[in-house]
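Structural description and commentary
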2 protein chains.
Amino acid sequence: MTDAINTILKKSSLSVTPGRSAILQLFHQSDGALTHAVIEEKTGDQFDRVTIYRTLQVFVEKGLIHTIPSPDNSILYALCKEDCSEGHHHDNHIHFICDKCNTTYCLDHITTPYIALPNGFKTNQTDVLIKGLCAQCNL
Amino acid sequence: MTDAINTILKKSSLSVTPGRSAILQLFHQSDGALTHAVIEEKTGDQFDRVTIYRTLQVFVEKGLIHTIPSPDNSILYALCKEDCSEGHHHDNHIHFICDKCNTTYCLDHITTPYIALPNGFKTNQTDVLIKGLCAQCNL
DNA sequence: ACTGTAATGCAACTATGTTGCAAAATTTAT
DNA sequence: ATAAATTTTGCAACATAGTTGCATTACAGT
Ligand SMILES: [Mn+2]
Ligand SMILES: [Mn+2]
Ligand SMILES: [Zn+2]
Ligand SMILES: [Zn+2]
């Protein structure tokens, strides 16, 4: 399993280090999005804050993860499941944040809708963020 | 004009102070959304940072302004043009951020679309954020 | 004008994120 | 396998954003 993770790193021409392996594995193990703080905690504080910041940055640049605009003003990161590559993200799916358990899901199969804008406005990117109750919390 | 502003404050049962008047007037004068930093600058640094934070908080609580989730991780505030009141916001419009001039617009007449979610998921609130070029910058 | 209440300013603190640089680890070449 | 070249890491220092407690000041109702 760690081998698969390291293969991904090498495919993105990133050197394999304990920090990068652990963080990428963490993303593959969790179904929701992660914040810097959660990553720091779940890796048992073995890595420096700065290392985690830089790892997340490089993962975004390489198209391994993408950021999610959140209402509570802390950056969320999630795996790119589509064919994103270096400098080219294609994450046009919507995001869902559960009000109860606070998990953020990438709803990969629901694409962002087309929205007509007033005259003169040009759309580059559409982000949809839905808050509510997830399937687990809505029982 | 300052009278109109103060009337709004009194209607929300807020005491009228120089800071609140100035900040609320600033919102009524600008067509886009404002950040804490911009407010601090545009009021000529006459008010303490903390006062501005607390003023924005109380304006949100009273339904005078609403926050906008932004991708660059700084809270944006904009006037509520609808019938929002204390503890009850009804801002179901979409937001637009210009990539060039960085202005954030409330597109009040464009309501958020209905989006079908997977089984079990329940929508409480939908936020749509579109990035692109505004009418001024798209010439 | 007086008085009770609410808002302000200041200081201190927490949280989040960035940058420079030397030491350590990884990769590549020998 | 060893060594050189390149990257990555950790530390310190810094920057920005936001919060809290408390004494002082301003406001609103009488
Ligand atoms: Mn996503
Ligand atoms: Mn708005
Ligand atoms: Zn949930
Ligand atoms: Zn513009």
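Refer to the preceding data block for the structure.
Just so you know, these numbers come straight off a predicted model, no measurement behind them. (Residues numbered from 1 in each chain as written. Chains lettered and ligands numbered in written order. Predicted model: local features only at pLDDT ≥ 70, side-chain atom pairs only at ≥ 80, totals over all residues. Heavy atoms only, no water.)

**A short note on the protein's contact with DNA strand D**
Stated formally: A cutoff of 4 Å decides nearness: a residue is near a molecule or strand if any of its heavy atoms lies inside that distance of it. Whenever two N or O atoms come within 3.5 Å, that pair is a polar contact, provided that in protein one can donate a hydrogen and the other can accept it, and provided that, for residues adjacent in sequence, both atoms are side-chain atoms.
Surveying the vicinity of DNA strand D reveals 19 residues, the closest of which are Thr17, Arg20, Thr51 and Arg54 of chain A together with Val16 of chain B. Of what DNA strand D places within 4 Å of the protein, 65% of the atoms are sugar or phosphate. Within the contact set of DNA strand D, a phosphate oxygen lies 2.8 Å away from a side-chain nitrogen or oxygen of Arg20 of chain A. Measuring from a phosphate oxygen of DNA strand D, one finds a backbone N or O atom of Asp48 of chain A at 3.2 Å.

**Comments concerning the pattern of salt bridges**
All names here are of chain A. What counts, and what does not: By definition, a salt bridge exists where a carboxyl oxygen of Asp or Glu is found within 4 Å of a side-chain nitrogen of Lys or Arg. Runs of E in the DSSP output that reach at least two residues are strands. Runs of H or I that reach at least four are helices, and both are numbered from the N terminus. The buried label applies to any residue whose accessible area, calculated with a 1.4 Å probe on protein chains only, is under 20% of its type's maximum; exposed applies above 50%, and partly exposed to all values in between.
Taken as a whole and assessed by the stated rule, the structure comprises two salt bridges over all chains. Ionic pairing is found between Lys81 and Asp108, a salt bridge with its closest N-O pair at 3.3 Å. Here the residue Lys81 occupies a position in the loop between strand S3 (76-79) and strand S4 (93-98), and Asp108 occupies one in strand S5 (residues 104-111), the gap between them amounting to 27 residues. Note on Asp108: relative accessible area 25%, which makes it partly exposed.

**Considering helix H4 (residues 49-61) of chain B**
All names here are of chain B. What counts here: Take the number of residues in a helix, subtract one, and multiply by 1.5 Å to get its expected span. Think of it as the arc spanned by the lines of direction from the helix axis to the C-beta atoms. Here, residues are in contact when the closest pair of their heavy atoms is within 4.5 Å.
Helix length check: H4, at 13 residues, gives a terminal C-alpha distance of 19 Å against a target of 18 Å (1.5 Å per residue), a fit within 8%. Within the sequence span of H4, burial applies to Ile52, Thr55, Leu56, Val58 and Phe59. Taken down its axis, H4 places every buried residue within 165° of arc, on the same side. Of the surrounding secondary structure, the elements contacted by the buried residues of H4 are helix H1 (2-11), helix H2 (18-29), helix H3 (36-42), strand S2 (65-68) and strand S3 (76-79).

**Things to note about the pairing of strand S6 (residues 122-133) of chain B**
Spelled out, the test is: Between any two strands, pairing holds if DSSP finds at least two bridges.
Two elements, strand S6 (residues 122-133) of chain A and S6 of chain B, share 11 bridges in a ladder whose sense is antiparallel. When the bridges of S6 of chain B are listed, Ile130 of chain A appears paired with Thr126 of chain B. Sheet analysis places strand S4 (residues 93-98) of chain B next to S6 of chain B, joined by four bridges and oriented parallel. Bridge assignment links His95 of chain B to a residue of S6 of chain B, and that residue is Leu129 of chain B.

**So, the nonpolar core**
Under the convention used in this document: Definition of nonpolar core: a set of buried residues of the types Ala, Val, Leu, Ile, Met, Phe, Trp, Tyr and Cys, connected through side-chain atoms within 4.5 Å.
Of all hydrophobic cores here, the largest spans 28 residues; its most connected members are Ile94, Phe96 and Leu117 of chain A together with Ile94, Phe96 and Leu117 of chain B. Secondary structure elements with two or more residues in this core: S4, S5 and S6 of chain A together with S4, strand S5 (104-111) and S6 of chain B. Those residues in contact with Ile94 of chain B that sit more than four places away from it in its chain are Ile115 and Leu117 of chain A together with Tyr105, Cys106, Leu107, Ile110, Thr111, Thr112, Val128 and Ile130 of chain B.

Honestly, it's all geometry; don't read function into it.
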